[in-house]
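Structural characterization, general
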Amino acid sequence: MARGLWHHPADATKRPDAGPDADGGQAMADGRWAEASDEAGSVTMQNDVTREPAILMQQEGGIHRLTLNRPQRLNALTRAMLSELSDRLADIAADATARVLVITGAGRAFSAGQDLTDAGAIEDGRACRNTVERYYNPVIRQIHSLDLPVIAGVNGIAAGAGVSLALACDMVVAAESAAFDIAFARIGLIPDAGGTHQLQRLLGPARAKAAAMLGEKIAAPAAEQLGLIYRAVPDQELAATVDALAARLANAPTKALALMKQAFHAGDHHSLEQQLALEAELQSQAADTEDFAEGVAAFLAKRAPGFKGI
């Protein structure tokens, strides 16, 4: 994948007014963002200054890239932005040429989580429930169910729901200067958007409950050691590392990778017997793919395989 896909527009350097943590708690928006209709009639959130969409979508070959593009607000999430993200995920799911998805953030943050100034989003219990159920949960489900690998390239702070968004991806690669701020307790909320599920699954119950209740901020190197993420790399190597990982996955037997994803997700709640039965079923599907035939032929011929994802 070309390094051009790692260009971050409008890289902000000034710290915005922040919520519970100025280095990456829930960011405070300043009202300079508006909604505009695109040619297809769908709603696109734009920056009134740059007029760029809040979600940038790029594609090179089978590698797709979605960039959270509110750098002035540390990519804090609004309902309009989440709706746009959901639309872009639906586009990718419908694209038969898509083989890998990378999700990252513009500027110096991945995402500071929910924008506390998104009027009406979290003002009371009913509003919170509506925002979580209508805007966050669909995005998490879409990432979870995509039949292709999803990489989170965490270029800076991930806080609150930004952590949940990153952990919903299949692999998380973070810059060493990044951190994962489980900030919910500092404003009297609980981890949402799948946060309690992912934290407990990745850290174990004791460590997950402590991280959430104490509102811990976990530095990327520590997150790697704890098993919360796949890798933490030097900041200057993040782009090349994610590019190389995306290219490797794009050239893999992506149908088999999708079946692996399905099996691992089911393993969270299956008994051993249920998982054995599912593995047998999914393996039979993998064995019927052209990629399996190509893999065996390449192995016997002692050559590199040319997988097509079919």
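Residues numbered from 1 in each chain as written. Predicted model: local features only at pLDDT ≥ 70, side-chain atom pairs only at ≥ 80, totals over all residues. Heavy atoms only, no water.

This next bit is on the environment of Arg 303. Here Arg 303 shows up in the segment after α10 (290-301). Not counting residues within four places of it along the chain, the set of residues in contact with Arg 303 comprises Glu 294, Ala 297 and Ala 298. At 2.7 Å, the side chain of Arg 303 and the side chain of Glu 294 are in polar contact. (Helix = DSSP H or I, 4+ residues; strand = E, 2+ residues; numbered from the N terminus. Contact = heavy atoms within 4.5 Å. Polar contact = N/O pair within 3.5 Å; in protein donor to acceptor, adjacent residues only side chain to side chain.)

So, on to the environment of Ile 218. Relative to the assigned elements, Ile 218 resides in strand β11 (residues 217-219). Given a relative accessible area of 5%, Ile 218 falls into the buried group. Excluding anything up to four places from it in sequence, Ile 218 contacts Ala 179, Phe 180, Ala 223, Leu 226 and Leu 228. (Buried < 20%, exposed > 50% of the residue type's maximum accessible area, 1.4 Å probe, protein only.)

This brings us to the sheet that holds strand β6 (residues 109-111). Sheet strands line up and pair through hydrogen bonds in the backbone, either parallel or antiparallel. Spatially, β6-β8-β10-β11 is the arrangement adopted by the four strands of the open sheet, whose pairing is mixed. Taken across any chain shown, the strands that pair with only one partner, and hence form the sheet edges, are β6 and β11. Averaged over neighbouring strand pairs, the angle between their axes works out to 15° when direction is ignored. Here strand β8 (residues 157-159) runs beside strand β10 (residues 179-181); their pairing, made up of two bridges, is parallel. Paired with Ala 159 across the bridge in β10 is Asp 181. (Pairing = 2+ DSSP bridges. Axes fitted to C-alpha atoms, helices over the stretch in contact; angles between N-to-C directions.)

Before going further, it helps to examine empty space enclosed by the protein. Applying the stated criterion across every chain yields a total of two cavities of 30 Å³ or more. Around the largest cavity, the lining residues are Leu 77, Leu 82, Tyr 136, Val 139, Ile 140, Ala 161, Ser 164, Leu 165 and Ala 193. Secondary-structure elements contributing two or more residues to the lining of the largest cavity are α2 (125-145) and α3 (161-167). The residue inventory of the lining of the largest cavity, partitioned by class, reads eight nonpolar, one polar and no charged. The space that makes up the second largest cavity amounts to roughly 30 Å³. Around the second largest cavity, the lining residues are Gly 160, Val 163, Ser 164, Leu 167, Ile 182, Phe 184, Pro 191, Gly 195 and Leu 199. Listing elements by their share of the lining of the second largest cavity, those giving two or more residues are α3 and α4 (195-203). Sorting elements by how many residues they give to the lining of the second largest cavity places α3 first, with three residues. Counted by class, the lining of the second largest cavity contains six nonpolar, three polar and no charged residues. (1 Å grid on protein atoms, 1.4 Å probe; cavity = no way out; pocket = protein on both sides within 12 Å on 5 of 7 lines; lining within 4 Å. Points joined across faces, edges and corners; volume = space filled by probe spheres on them. Nonpolar A, V, L, I, M, F, W, Y, C, P; charged D, E, K, R; others polar.)

What follows is about the packing of helix α1 (residues 79-93) against α2. Running from N to C, α1 and α2 point in directions that differ by 30°, and their axes come no closer than 9 Å. As far as their axial angle goes, α2 and α1 are roughly parallel. Seen from above, α1 lies across α2 with left-handed handedness. Between α1 and α2, the contacting residues are Arg 79, Leu 82, Ser 83, Leu 85, Ser 86, Leu 89 and Ala 90 on the first element and Thr 131, Tyr 135, Tyr 136, Val 139, Gln 142 and Ile 143 on the second. Class assignment for the residues of the contact of α1 with α2 results in eight nonpolar, four polar and one charged. (Parallel < 35°, antiparallel > 145°, perpendicular 65-115°, else oblique. Left-handed = near helix turned anticlockwise from the far one by under 90°.)

By themselves these figures say nothing about function.
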